[in-house]
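Geometric and topological summary
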Amino acid sequence: MFQLLEKEQMKWRIMIILAITTALRRGELVGLEWKHVNLDNGIIEVRQSISHSINGQRIITEPKTLKSNRKVSLPDTVIEHLREYYLEARKKRLALGDAWKGGVCKINCVTSQLR
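Now for a description of the structure that goes with this document. The written sequence of each chain sets the order in which its residues are numbered from 1. Residues qualify for local features only when their pLDDT is at least 70, as the model is predicted, and side-chain atom pairs are given and counted only at 80 or more; totals for whole chains, interfaces and linings, by contrast, use all residues. Hydrogens are left out, water is left out, and the side-chain values use all remaining heavy atoms of the structure.

Before going further, it helps to spend a moment on the pairing of strand β4 (residues 57-61). Here, strands pair whenever DSSP counts at least two bridges between them. The secondary structure listing takes helices from DSSP runs of H or I that are at least 4 residues long and strands from runs of E that are at least 2 residues long, numbered from the N terminus. When strand β3 (residues 49-54) meets β4, the two strands line up antiparallel, connected through 5 bridges. Along β4, the bridge assignment pairs S53 with R58.

This next bit is on the nonpolar core. Residue types Ala, Val, Leu, Ile, Met, Phe, Trp, Tyr and Cys, when buried and joined through side-chain atoms within 4.5 Å, form a set referred to as a nonpolar core. Throughout this description, buried means an accessible area under 20% of the type-specific maximum (1.4 Å probe, protein chains only), exposed means over 50%, and partly exposed covers the range between. In this structure, L18, I44, L74 and L82 are the most contacted members of the largest nonpolar core, which totals 22 residues. Sorting the residues of this core by element identifies α1 (10-22), α2 (26-30), β2 (43-46) and α3 (76-96) as the ones contributing at least two each. Per element, the largest residue contribution to this core is 5 residues, and it comes from α1. In this analysis, two residues are considered to be in contact whenever any of their non-hydrogen atoms come within 4.5 Å of each other. Setting aside residues up to four positions removed in sequence, L18 forms contacts with A23, L29, L32, I44, L74, V78 and L82.

Let us now look at α1. Take the number of residues in a helix, subtract one, and multiply by 1.5 Å to get its expected span. Look at α1: 18 Å from first C-alpha to last across 13 residues, which is about the 18 Å you get at 1.5 Å a residue. The complete set of buried residues in α1 reads M10, K11, R13, I14, M15, I17, L18 and T22. Looking at the buried positions of α1, the neighbouring elements they touch are α2, β2, β5 (70-73) and α3. Positioned one or two residues after α1, A23 has a phi angle of 60°, which is positive.

Listed below in structure tokens is the structure:
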């Protein structure tokens, strides 16, 4: 199944793979940060969600319910894809050097494209 995504940009591939394999809500997906991902143990911790945007500013909130704060196990193939994406993102950030304008290291950069 993932072979069909190979031609897609990495950010879209990761979002689709995570959506399919984890059943995270859209807000949870776009709210993921690397600090919530443990690649060694293959677990994502759902701790926040981006529910909407006000005047271009994303609103980060806790997930919908107490049960929504959870740990989600990742299949080995997803861990491999995430490792590849992490390395690609680090290389891009290092290449930018002082031009890096990012703050928190997000897993994705698609929030503005989902509005």
